[in-house]
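# Structure assessment
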Amino acid sequence: MIPITLRMGAFGPYAKEETIDFSYFQDSGLFLIYGPTGAGKSAILDGMTYALYGKSSGGVRGDFSSMRCQYAAEGQPTFLELTFSHRGETYRFSRSLREVRRKGQRDYEEQISAGPLREGVLYPFAANIKKRNAEEYAVSLLGLTYEQFRQVVMLPQGQFERFLLADPLEKEEILTTLFGTGIWNQAAAWLGEQAKEKKRALDAVQQRLEILCAQAGEETPQAAYQKQEEQKERLDILQKEAGKMQRELRRLETELASAREISLCFQKRREARQKQEELRARLGEMEKMRAQLALAQAAQQVQPYMEEARRAREQEKRRGEIWREKADALEELKEKYNNIKKKREALPLREQQAEERSLAIQVWEKRLQSWQTVKKNRAEYAALIEKEKEAAGALETWEKRHGENAALLRETAEQLAQTKEKIQGEKEIWIEKCQVLRECRELAKKAKTAENALMELEKDRSAAQKELAEFAKKNRERQETYDALHAEYFQDAATALAETLHPGDRCPVCGNICRELVCSHSAAGVVWEQVEQAKQEWESGRQAENDAKTALAVLGNRREILLEQKDSVNRQILERNAGLPFREEDLQEAERHVAGISAGERQAAELEKELEKRNQKGRELETGISERREAYHKLQMERAETEGRCRIPESDEIADEKEFTSKLERRKKELLEEKQRLEEFRQKATQAEISLSNAEIEERNSRKEWEAAKAECRRRQQKAKEMLDASGFAQAEDAQAVWMEPGKTQEMQEEIREYDAQVLAAAQEAAALEKQLAGQEEPDLAALAMQARRVQAEWEETQKQANYLEKECEVGEKQCGQMREEEEKLEKQRPEAEMLLSFAARLRGDQGISMARFVLGVMLDAVTEEANRLLENVHGGRYKLFRITGNVGRQRKAGLNLQVFDAYSSQNRSVGSLSGGEKFLLALALSLGLSSCIQKQAGGMQIEAMFIDEGFGSLDEGSISDAMLMLSSVKYLRQLIGIISHVRSMQENIPQAIEVCKESEGSHIRLHI
């Protein structure tokens, strides 16, 4: 935003209509607003700010009606009209007061119009714009809130340093608006929603898995799987039992069919008798097998007890070995303890001897201390005698000097009276003339210096123009390289992003719905480091080119300043020297006259000083004499007192203190070593007692365990013997001889059982046949049929249970399959969801700095770098701004705090510790650096104007010169900067100005272009 015109009527101190055309200042880019205090300089900034936001620039002037001019005539309209350009368009915001009557009293109603201006015609944003809507239009159009506008464009009085001292949150809001970095927050929010969607899908899968577990009646899928396996095993057992019952049923049916066929038994009678004979022939073999089986079964019953007896014997043996080891260790410890016990009997005697030696050492120490005190007193006594002699000599010397000083005082007073009579009355005339001529000589030197500087400046300008052309050529080549790499990199980035999207998804960058995704990676495979390197080379080249342009602009400004300085100096010489040029001969003549007068004055002044010095010296000598006399008497008293403390009994005197001290230290060392040995022996004895006690406890415990193991062994052996006796075995070897494997005994049982069954079947068949043949009676088929029906019912029940369990297994198998599918989904989707959640958290800065804040930190680094470039010419490059990456104090968000490096102290300082002038210079550099970076930022906010209300009054002449060099960069940046200042030198250096003239009937504006 850059203002074009500002019209004001009956506003602030301006009673009549005033118009400011800012286009007059476009070429220079820098203009001054000056005038008397209270004339209405700040009201110009208030007018522009109020036209846009409905608030004054300082924020303390109240509403529009309160800012109506008190000098305005009745009926004079109060209005503001600001016309400005922004991003190639022209806009106009105007406000006026309309007089209304409310409840019989006069009041004012604010009317607002705002909109673009095309070919002189205003197209309002709305038909009836309210105050709140007008501010919203301004914020939407400029992209700056009222507070942000006051920090980067309209800098009110006393608040120029606000952006420099702003906290990180306030800086973040301003920089986000200016550099358009909100897209990073949007990207973080979009990724966060995607991560939440993945998390919701993951929770849905987990919920379905829990529902399946609940349907299966288990808490976890693993429990459901285990239940399914157990049901399968039960089903297998039931199916086996059903098969066995089915076979039994078939056997019974066969027997029943045989009974029904009894009529056929006549033919089988001979066969049945033959079978019985064969079975009788095997009877002896079967009886022998029965006996072997009985012995083997008895041996199998005894075998576990014999095994337990064997394990008990082994345990008893191991416990016995352990006890013997513990007993041996105990005997060894007892022997060691007895040796220590014998040595401890002599311990009291050694302790008594050590105590006696300690008392003797204390006596020696007291004797040594007493001797050292007396020795010190004797040295003090000798020193006091010497001091007493010196004090007596000094007193005599000071009394002699006092007499000499009195004689010189009288002589100096006489010389002063004679000198004052020689001074003539022409002193003021010649001194004034000499002062004027000296000032003219200094001005002539400045004119000559300016002329020499102009010649050197012309040479520098020629070299700077050549350097600028070379930089521009190289920078174009670097920009082309950067643009090519940048396009290839973002083609690859767009391809990578597109690969994660599907048709119908919303793009996280532009927000559009994705259609057909046609993209491919670049052939070169550019990485971001190449783009960054190319960008750094281009930016460094562009910075060098900008520096060259700025340097050339600075040289041009300096040339104009030097020309103006030269002409101004020549005019001042003529004004001060009564229209005559300066001549060195006139100054020499005046200095000769002044020298004669000054010599007499200097002589008189020197004599007066000498007289005062003599008087002062006399007073000092009198004081010194009094002090030295008092010190002499005090030394005499101290000497007498010290003499009594120097006496000591002859037996306490020490002939050789060094040898005595050496013997004392040697005895103390020997005593300390003896005490250490005694303490070590006590600790060793205590440790031996503890070890012996522990060993005795372990030996008793081990012996108890051995005794318990022997008792258990005897009990197990007795039990095994009882079982042998009960089984009919004389000894264990007999049982071992007839013992068989369980499988073999089972085979023998089956064989015997089968034989018995055959004998029984043959007997039954024979009896039946005999019965049938003898009495021709029917066999008992009912019993056989009942048994078959019972087996049939049991088989059907078992089969029914097996069928039901089989269906349960089928349902469980289906549920387990669904659970495995859901678990596979969880395993597949969980890493992606966790990755998205982590990446979104990193972008948001949940546990660190967000991406948006990181980008703002980089942009703030660029701003401080540009500001530091401007600060190189301020106070010899004393200050540098830099960004602090960590937290400061209790601030939660880091990365946007600023500190200052002071080259004089080589230390960092907080910006709050700077003085008023220092803050102003650094804030000016920071604001200009911010504007420069914004102009260079493609797609960022465009700040084309800046207004500074006061601040230069806190600067000295050198600082003002430094500030002017910084402000000269506005020509290169094509900005408009307005400065309000009372400083006189600012008016001399900035010819383009708005002068506010204060009169009794209101202020008015005068433009100097």
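Just so we're clear, the structure is a prediction, and the values are computed from it rather than from any experiment. (Residues numbered from 1 in each chain as written. Predicted model: local features only at pLDDT ≥ 70, side-chain atom pairs only at ≥ 80, totals over all residues. Heavy atoms only, no water.)

### Some details on the overall build of the protein chain
Cut-off, in case you're wondering: Numbered from the N terminus, helices here are DSSP runs of H or I no shorter than four residues, and strands are runs of E no shorter than two. Relative accessible area decides the class of each residue, using a 1.4 Å probe on protein chains only: under 20% of the type maximum gives buried, over 50% gives exposed, and in between gives partly exposed. A contact between two residues is defined here by any heavy atoms of the two lying within 4.5 Å. Accessible areas in this description were obtained via Shrake-Rupley with a 1.4 Å probe; residue shielding takes into account the shown protein chains only.
In terms of regular secondary structure, the protein chain is built from 22 helices and 15 strands. Residues classed as buried in the protein chain amount to 36% of the 1009 residues present. Of the contacts formed within the protein chain by residues at least 6 apart in sequence, a portion of 75% connects residues at least 24 apart. Summed over its atoms, the accessible surface of the protein chain is roughly 60700 Å², and 49% of this surface lies on carbon and sulfur atoms.

### As for the pattern of salt bridges
Note on pairing: side chains with opposite charge can pair once their charged atoms come close. Heads up, the condition is: Salt bridges are identified by distance alone: a Lys or Arg side-chain nitrogen within 4 Å of an Asp or Glu carboxyl oxygen.
In this structure the tally under the stated criterion is 35 salt bridges. Between Glu 995 and Arg 1006 there is a salt bridge whose closest N-O contact spans 3.6 Å. Pair noted here: Glu 995 is in strand E14 (residues 993-997) and Arg 1006 is in strand E15 (residues 1004-1008), with a separation of 11 residues, a long-range link. By sharing partners, the salt bridges in this structure join Arg 7, Glu 17, Glu 81 and Arg 92 into a single network.

### Structural notes on the pairing of strand E6 (residues 105-118)
Rule in force here: Being paired, for any two strands, means DSSP has found at least two bridges between them.
Relative to E6, strand E5 (residues 89-102) runs antiparallel, the two being bridged by 12 bridges. Directly across from Val 100, in E6, lies its bridge partner Asp 107. With 2 bridges joining them, E6 and strand E7 (residues 121-122) adopt antiparallel strand pairing. Bridge pairing in E7 places Arg 118 opposite Val 121.

### What to know about the UniProt feature "coiled-coil region" (unreviewed entry) in the protein chain
Rules: UniProt positions are given in the numbering used here, feature names are shortened, and annotations may be inferred rather than shown by experiment.
As recorded in UniProt, the sites labelled "coiled-coil region" (unreviewed entry) are residues 195-350, 406-474, 597-624 and 654-829. Spanning residues 597-624, this segment combines 100% helix with 0% strand, and its end C-alpha atoms are found 40 Å apart.

### Overview of the sheet that holds strand E12 (residues 945-949)
Threshold: A fitted line through C-alpha atoms serves as each axis, taken over the contacting stretch for helices, and the angle formed by two N-to-C directions is quoted from 0 to 180°.
The 6 strands are arranged E8-E12-E13-E3-E14-E15 in an open sheet whose pairing can be described as mixed. With one partner strand each, in any of the chains shown, strand E8 (154-155) and E15 form the two edges of the open sheet. Both E14 and E15 contribute to a ladder of 5 bridges, which runs antiparallel. Considered in E15, the bridge of Ala 993 is made with His 1008. Across the face of the sheet, helix H1 (residues 41-53) comes into contact with strand E3 (30-34), E8, E12, strand E13 (976-980), E14 and E15 while running at roughly 140 degrees to E12.

### Structural notes on unusual backbone geometry
The backbone phi angle of Arg 87 is positive, close to 50 degrees, even though this residue is not glycine. Here Arg 87 lies in the loop between strand E4 (78-86) and E5.

### Quick notes on the nonpolar core
Note the following rule: Throughout this description, the term nonpolar core refers to a set of buried Ala, Val, Leu, Ile, Met, Phe, Trp, Tyr and Cys residues connected via side-chain atoms within 4.5 Å.
Counting 93 residues, the largest nonpolar core has Phe 22, Ile 44 and Leu 52 as the members making the most contacts within it. No other element matches the 10 residues that helix H19 (residues 916-936) contributes to this core. Those residues within four positions of Leu 52 in sequence are excluded, and the remaining contacts are Met 1, Leu 82, Phe 84, Phe 93, Arg 95, Ala 134, Glu 135, Ala 138, Leu 142 and Phe 149.

### Overview of a negative patch on the surface
Our working definition: Like charges are joined within 9 Å and nonpolar side chains (Val, Leu, Ile, Met, Phe, Trp, Tyr) within 5 Å, but only among residues with over 30% relative accessible area and no salt bridge; these make up the patches. Positive charges are assigned to Lys and Arg, negative charges to Asp and Glu, while His and the chain termini are left out of the count. Here the site of a charge means NZ on Lys, CZ on Arg, CG on Asp, or CD on Glu.
A cluster of acidic residues, Glu 285, Glu 747, Glu 751 and Glu 754, forms a negative patch on the protein surface. Considering every element that reaches the negative patch, the biggest residue donor is helix H16 (residues 742-775), with 3 residues. Summarising the element assignment, Glu 747 is placed in helix H16. Overall, Glu 747 belongs to the exposed group, its relative accessible area being 58%.

### Some remarks on the pairing of E13
The side chains of a regular strand alternate between both faces of the sheet. Most of E13 is tucked away, with 5 of its 5 residues classed as buried. Side chains Leu 976, Gly 978 and Ile 980 of E13 all project onto a buried face; the interleaved residues Ile 977 and Ile 979 project onto the opposite face, where all are buried too. Pairing analysis gives 4 bridges linking E3 to E13, with the strands arranged parallel. Counted as the bridge partner of Phe 31 is Gly 978 from E13. In this structure, E12 lies alongside E13, joined through 5 bridges in parallel fashion. Note on E13: the bridge partner recorded for Met 946 is Ile 977.

### Some words on the sheet that holds strand E9 (residues 879-884)
Here we have 3 strands laid out as an open sheet, ordered E9-E10-E11, and antiparallel in their pairing. For this open sheet the edge positions go to E9 and strand E11 (907-910), each flanked by a neighbour on one side alone. If you compare each strand with its neighbour and ignore which way they point, the axes differ by 40 degrees on average. Where strand E10 (residues 897-902) and E11 come together, 4 bridges link them in antiparallel fashion. In the strand pairing of E11, Val 900 is matched with Arg 909.

### Some points on the side chain of Glu 822
Inspection of the secondary structure puts Glu 822 in helix H17 (residues 781-844). Judged by relative accessible area, Glu 822 falls into the buried class, the value being 9%.

### Remarks on the packing of aromatic side chains
Spelled out, the test is: Each pair of aromatic rings taken from Phe, Tyr and Trp, with Trp reduced to its six-membered ring, is defined by centres within 6.5 Å and is described as stacked if the planes are under 30 degrees apart, edge-to-face if over 60, and tilted in the remaining cases.
This model, assessed by the stated rule, comprises 13 aromatic pairs. Aromatic pair Phe 84 and Tyr 91: ring centres 5.8 Å apart, planes at 25 degrees, arrangement stacked. Owing to a relative accessible area of 12%, Tyr 91 belongs among the buried residues under this scheme. Seen in terms of ring centroids, Phe 84 and Phe 93 are 5.8 Å apart; in terms of plane orientation they differ by 35 degrees. Their pairing is tilted. On the accessibility criterion, Phe 93 (1% relative accessible area) is buried.

### Observations regarding the environment of Gln 303
Inspection of the secondary structure puts Gln 303 in helix H9 (residues 283-344). When its relative accessible area of 25% is taken as the criterion, Gln 303 is described as partly exposed. Spatially, the C-alpha atom of Gln 303 lies 9.3 Å from that of Met 723, the residues being 420 residues apart in sequence. Excluding anything up to four places from it in sequence, Gln 303 contacts Gln 736 and Trp 739.

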